[in-house]
Amino acid sequence: MRLTAKQKKLCRAIEGFNILGQNPSHQELSAVLGVTQPAVTAMVKTLVEKGAIQKVDTYKRTLKLLVELDN
């Protein structure tokens, strides 16, 4: 699966929050990425459609990474 540099950066941010046992808000992700919250929302939607991440409906704000990232 091909991801853009920004999409990879978002996936890495989600992965980082998950390692810490946290579920990031769009506001937190926008601060990490340096983009607006609507941009994060659009990127999350695109990554869900691509199958790179999954929104877990059971818990608010929970995003599960479904791809392995290259270093």
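Each value, and the rule that gives it
Residues numbered from 1 in each chain as written. Predicted model: local features only at pLDDT ≥ 70, side-chain atom pairs only at ≥ 80, totals over all residues. Heavy atoms only, no water. Helix = DSSP H or I, 4+ residues; strand = E, 2+ residues; numbered from the N terminus. Buried < 20%, exposed > 50% of the residue type's maximum accessible area, 1.4 Å probe, protein only. Contact = heavy atoms within 4.5 Å. Axes fitted to C-alpha atoms, helices over the stretch in contact; angles between N-to-C directions. Parallel < 35°, antiparallel > 145°, perpendicular 65-115°, else oblique. Polar contact = N/O pair within 3.5 Å; in protein donor to acceptor, adjacent residues only side chain to side chain.

S.K.: I keep staring at the overall build of the chain and nothing clicks. Help me out?
M.R.: Helix and strand content of the chain: 3 helices and 2 strands. Moving toward the C terminus, one meets the helices and strands of the chain in the order α-α-α-β-β. Each principal axis of the C-alpha atoms in the chain carries an extent, and together these give about 25 × 25 × 20 Å. Taken across its 71 residues, the chain has 31% of its residues classed as buried. Counted over contacts in the chain with a minimum sequence separation of 6, partners at least 24 positions apart contribute 46%.

S.K.: Before we go on, may I ask you to explain the packing of helix H2 (residues 26–33) against helix H3 (residues 37–50) in this structure?
M.R.: What describes two packed helices is the angle between their axes and the distance between those same axes. Contact geometry for H2 and H3: axes closest at 8 Å, N-to-C directions at 100 degrees. Judged by the inter-axis angle, H2 sits roughly perpendicular to H3. On H3, the residues that touch His26, Gln27, Leu29, Ser30 and Leu33 of H2 are Gln37, Val40, Thr41, Met43 and Val44.

S.K.: Can you help me understand the side chain of Gln7 in this one?
M.R.: Note on placement: Gln7 falls in helix H1 (residues 5–19). One polar contact links the side chain of Gln7 to the main-chain amide nitrogen of Thr4, over a distance of 2.9 Å. Side-chain polar atoms of Gln7 contact the side chain of Lys50, separated by 3.1 Å. Not counting chain neighbours up to four residues away, the residues in contact with Gln7 comprise Arg2, Thr46, Leu47 and Lys50.

By themselves, these are just geometric observations and shouldn't be taken as functional.
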